[in-house]
Amino acid sequence: MLSEYLLTEIARLGMQNKLPLHRQLYEALRRALLDGKLSAGQRLPSSRELTQDLGLSRNTVVAALNQLGVEGYLVSHIGSGTFVNDSVPKAAARHRPAQERQGATLSRRGHALATTFCATQLEIQPFTPGIADFSAFPVALWQRLQNKHWRMTYPDMLDYNYSGGYGPLRRAVADYLRVFRSVPLEVDQVIITSGTQQSMELCAQLLADHLDTVWLEDPAYWGAVKAFMATGLRLHSVPVDQEGIAPQAEDEAKPPRLIYVTPSHQYPTGAVMSLARRHQILSIARRHKAWVLEDDYDSEFRFSGPPISSLAGLDTDQRVLYMGSFSKVLYPGLKLGYLVVPKVLVPSFKQAHYDLNRPGQMPLQAALAEFIEMGHFASALRRARQGYAERRQCLLAALQPCLGQHAQISGAEQGLHLCVRLPHALDDKALAQRLGELGLTVRALSAYCLQRSDAKGLVIGYGYAPLNDIEHHGPLVAKAIAGALACLAPKA
């Protein structure tokens, strides 16, 4: 009976995992032990008997038995044979009823993180079916650069990095931000991270304590909500209007330790923070000795109007930490971003980043640095900006028939998404669901809200949707919006 079970398991493991034969036998025997098919103290067939019954070489059988002996599953007695160790737990103790196991695996925070503001329902993806369009990205060139740096990699390039990132990449980031985003900085202030999420977590870990208050825009960026929940901060939502985040006197009754903002293109409404509001935020930060986290996530793609300077460029008190990434221009899976910290914080952030995150990927950072230095980043940005501008214009034209007093577009001047603002009485989640049934992925604006219930609309991503799909499916979105608005109109 044991041999038949082992042969069945070996065949299954060989088909699924392509493991070596001795490992297949080890896994099959281990499963038999843990599932109670072999009880504590039971004697196993000899290696010679298993060799004959299973049709395996004796070396294969001995290797599997020896490994189980090393791990404590089996014990051998000279002259007596090999036995199941008495310490192997009984099967009944391992297979508790499902109801006993439910709800026991996650902490309260873990449960909240797994069930609140889930990215799969909020991440702005194409509103038409398909995969992201990276056709403008020079894949062959990128592969050559990566291969080049892997071939010439020195040992220290394979180790953790404690200096904040690859020097030439940090210099390239500093030069870019000084010229194009008006961020006053020195190279030493740039820290290369694995993306904006890691930048936010690092800021929360170093600048705030458990249950300190962080101000968030409402509607909010889901990634920021998750990052600050995970680090144990108390979330306080501040409504967004057409000029960006709009703090009132009652908000200052809950003094912030951190203020997270997306001033150049609020996520998800697209509102641009006015100059007066920027000065207000800096004044609040100064008054409460708070830190401002500026997420400049898509500033590379501005299609109309003058460029918007960074909030960090107005900061005279060194209270702003500026973050961005390369994902929008290159590709999301690159997972490289940057964080610019005030000079006084540089040593602490570098040390903590090294201790907490063990940063590396130096060959990848070296390839990106050369990609930028050779002008390829600027070329890729121009191509991407041109392609996204065409898609944006096509979507605006498609939505035009449904626009009017009760439906306006916000946030179309910049970025890879826009927001169609709708009346408060309209059920935007139901509208998004109806479009989803047609295979069109759009997001309800109300789904991004923390506290407020008056923000309704549709958030539509167009960056990765092919142009011909926008031409075809855009009018369907406009028709659905017009139909929903018609249902709100008073009956004659």
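For clarity, every value in this text was computed on a predicted model and none was experimentally measured.

Rules of the game
- Residues numbered from 1 in each chain as written.
- Predicted model: local features only at pLDDT ≥ 70, side-chain atom pairs only at ≥ 80, totals over all residues.
- Heavy atoms only, no water.
- Helix = DSSP H or I, 4+ residues; strand = E, 2+ residues; numbered from the N terminus.
- Buried < 20%, exposed > 50% of the residue type's maximum accessible area, 1.4 Å probe, protein only.
- Contact = heavy atoms within 4.5 Å.
- Areas by Shrake-Rupley, 256 points an atom, 1.4 Å probe, with all protein chains shown as cover.
- Lys, Arg positive; Asp, Glu negative; His and termini not counted.
- Charge placed at Lys NZ, Arg CZ, Asp CG, Glu CD.
- Core = buried A, V, L, I, M, F, W, Y, C linked by side-chain atoms within 4.5 Å.
- Axes fitted to C-alpha atoms, helices over the stretch in contact; angles between N-to-C directions.
- Parallel < 35°, antiparallel > 145°, perpendicular 65-115°, else oblique.
- Left-handed = near helix turned anticlockwise from the far one by under 90°.
- Nonpolar A, V, L, I, M, F, W, Y, C, P; charged D, E, K, R; others polar.
- Pairing = 2+ DSSP bridges.
- Phe/Tyr/Trp six-rings, centres within 6.5 Å; stacked < 30°, edge-to-face > 60°.
- Lys NZ or Arg CZ within 6 Å of the ring centre and 35° of its normal.
- Salt bridge = Lys/Arg side-chain N within 4 Å of Asp/Glu carboxyl O.
- Expected span 1.5 Å × (residues − 1).
- Arc of directions from axis to C-beta.
- 1 Å grid on protein atoms, 1.4 Å probe; cavity = no way out; pocket = protein on both sides within 12 Å on 5 of 7 lines; lining within 4 Å.
- Points joined across faces, edges and corners; volume = space filled by probe spheres on them.

**Q** Would you mind showing me how to read the overall build of the protein chain here?
**A** A tally of helices and strands in the protein chain yields 18 helices and 14 strands. Burial analysis of the protein chain (492 residues in total) assigns 50% to the buried set. A fraction of 74% describes how many contacts in the protein chain between residues 6 or more apart in sequence connect residues 24 or more apart. Taken as a whole, the protein chain presents about 23,700 Å² of accessible surface, with 53% of it coming from carbon and sulfur. Charge centroids of the protein chain, computed over 51 positive and 44 negative side chains, lie 2 Å from each other.

**Q** Please clarify how the nonpolar core should be interpreted in this entry.
**A** It is characteristic of soluble globular proteins that their nonpolar side chains tend to be buried jointly. Ranked by size, the top nonpolar core spans 80 residues in total, and within it Phe-326, Leu-368, Phe-371 and Ile-460 carry the most contacts. Take this core: its biggest share by element is nine residues, from helix α16 (residues 376–399). The contacts of Phe-326, once residues within four sequence positions are left out, are Leu-169, Val-173, Tyr-331, Leu-334, Leu-336, Gly-337, Tyr-338, Leu-368, Ile-372 and Phe-377. Core analysis: the next-biggest nonpolar cluster, separate from the first, contains 39 residues, Val-225, Leu-233, Leu-258 and Tyr-297 among them.

**Q** Just to check I follow, could you spell out the packing of α16 against helix α18 (residues 467–488) for this structure?
**A** Two quantities define a packed helix pair, namely the angle between the axes and the distance from one axis to the other. Between α16 and α18, the shortest axis-to-axis distance is 8 Å and the interhelical angle comes to 25°. Taken as axis vectors, α16 and α18 run roughly parallel relative to one another. For the pair α16 and α18, the crossing hand works out as right-handed. For the pair α16 and α18, the contacting residues are Glu-390, Arg-391, Cys-394, Leu-395, Ala-398 and Leu-399 in the first and Leu-467, Ile-470, Glu-471, Gly-474, Pro-475, Val-477 and Ala-478 in the second. Considered class by class, the residues forming the contact of α16 with α18 number nine nonpolar, one polar and three charged.

**Q** Would you explain the pairing of strand β1 (residues 74–77) in this entry?
**A** On any regular strand, side chains alternate: one points to one face of the sheet, the next to the other face. As judged from the four bridges shared by β1 and strand β2 (residues 81–84), these two strands associate in the antiparallel manner. For His-77, the partnering residue across the bridge sits in β2 and is Gly-81. In this antiparallel pair of consecutive strands, β1 and β2, the connection spans three residues, and Gly-79 shows a positive phi of 85°.

**Q** Is there a simple way to explain the sheet that holds strand β11 (residues 408–410) in this structure?
**A** Strand pairing in a sheet takes place through backbone hydrogen bonds and is either antiparallel or parallel in direction. Taken in spatial order, the four strands of this open sheet run β11-β12-β14-β13, and their pairing is antiparallel. Both outer strands of the open sheet, β11 and β13 (443–444), are each paired with one neighbouring strand and no more. With six bridges joining them, strand β12 (residues 417–422) and strand β14 (residues 456–461) adopt antiparallel strand pairing. Within the sheet, the bridge partner assigned to Leu-422 lies in β14 and is Lys-456. The strands touched by helix α17 (residues 428–437) within the sheet are β12, β13 and β14, with β14 carrying the most contacts at an inclination of about 35°.

**Q** Sorry, what's going on with the packing of aromatic side chains here?
**A** Think of a pair of aromatic rings as described by two things: how far the centres are apart, and how the planes are tilted against each other in angle. A complete count under the given rule lists twelve aromatic pairs for this structure. Pairing Tyr-267 with Tyr-297 gives two aromatic rings, centres 5.5 Å apart and planes at 75°, and the pair type is edge-to-face. Separated by 30 residues along the polypeptide, Tyr-267 in the loop between β7 (258–261) and α13 (275–288) and Tyr-297 in the loop between β8 (291–295) and β9 (320–325) bring together distant segments of the chain. This pair shows no difference in class: Tyr-267 is buried, exactly as Tyr-297 is. Pairing Phe-326 with Phe-377 gives two aromatic rings, centres 6.1 Å apart and planes at 85°, and the pair type is edge-to-face. In this pair, Phe-326 is assigned in the loop between β9 and β10 (337–340) and Phe-377 in helix α16, connecting sequence segments 51 residues apart. A relative accessible area of 4% means that Phe-326 is categorised as buried. Cluster of aromatic residues (ring-pair linked, three or more members): Tyr-176, Phe-180, Phe-326, Tyr-338 and Phe-377. Here Arg-319 stacks its cationic end above the ring of Trp-291, 4.1 Å away from the centre of that ring. Its guanidinium or amino end placed over the ring of Tyr-354, Arg-358 lies 4.5 Å from that ring's centre, counting from NZ or CZ.

**Q** What is the right way to look at the pattern of salt bridges in this model?
**A** Tallying each qualifying case throughout the model produces 13 salt bridges. Salt-bridge contacts for Arg-31 lead to Glu-9; the nearest nitrogen and oxygen are separated by 3.2 Å. Taken as a pair, Arg-31 in helix α2 (residues 21–34) and Glu-9 in helix α1 (residues 2–17) lie far apart in primary sequence, 22 residues in all. The class for Arg-31 is partly exposed, based on a relative accessible area of 31%. Of the charged contacts, one joins Arg-170 and Asp-188 as a salt bridge, the two residues approaching to 3.4 Å between their closest N and O atoms. Taken together, the positions of Arg-170 in helix α10 (residues 167–180) and Asp-188 in the loop between α10 and β3 (190–193) put the pair 18 residues apart, joining distant regions of the chain. Looking at Arg-170, the relative accessible area reads 7%, which means it is buried. Linked by salt bridges that have partners in common, Arg-170, Asp-188 and Lys-350 make up one network.

**Q** Any chance you could explain helix α4 (residues 58–70) here in plain terms?
**A** The end-to-end C-alpha separation of α4 is 18 Å, in line with the 18 Å expected for 13 residues at 1.5 Å each. Those residues of α4 that sit buried are Thr-60, Val-61, Ala-64, Leu-65 and Leu-68. Considered in projection along α4, the buried side chains sweep an arc of 125° and stay on one side of the axis. Projecting away from the buried face of α4 at angles above 90 degrees are the exposed residues Asn-59 and Val-70. Of the surrounding secondary structure, the elements contacted by the buried residues of α4 are α2, α3 (47–54) and β1.

**Q** So what exactly am I meant to see when it comes to the layout of surface pockets here?
**A** One simple way to see leftover space: roll a probe sized like a water molecule over the atoms. Looking at the second largest pocket, its volume works out to about 530 Å³. Forming the boundary of the second largest pocket are 24 residues, of which Tyr-176, Phe-180, Glu-300, Leu-381 and Arg-385 lie nearest the centre. Taken together, the elements giving at least two residues each to the lining of the second largest pocket come down to α10 and α16. Among the residues making up the lining of the second largest pocket, the classes are represented as twelve nonpolar, six polar and six charged.

**Q** Looking at this structure, how should I read the packing of helix α11 (residues 196–207) against helix α14 (residues 346–357)?
**A** Their axes nearest at 11 Å, the elements α11 and α14 cross at an angle of 110°. If you check the angle between α11 and α14, you find them roughly perpendicular. Between α11 and α14 lies a crossing of right-handed hand. Touching Gln-198, Leu-202, Cys-203, Gln-205, Leu-206 and Leu-207 of α11 are Ser-348, Phe-349, Ala-352, His-353, Leu-356 and Asn-357, all from α14.

Geometric descriptors of this kind do not, in isolation, establish any biological role.
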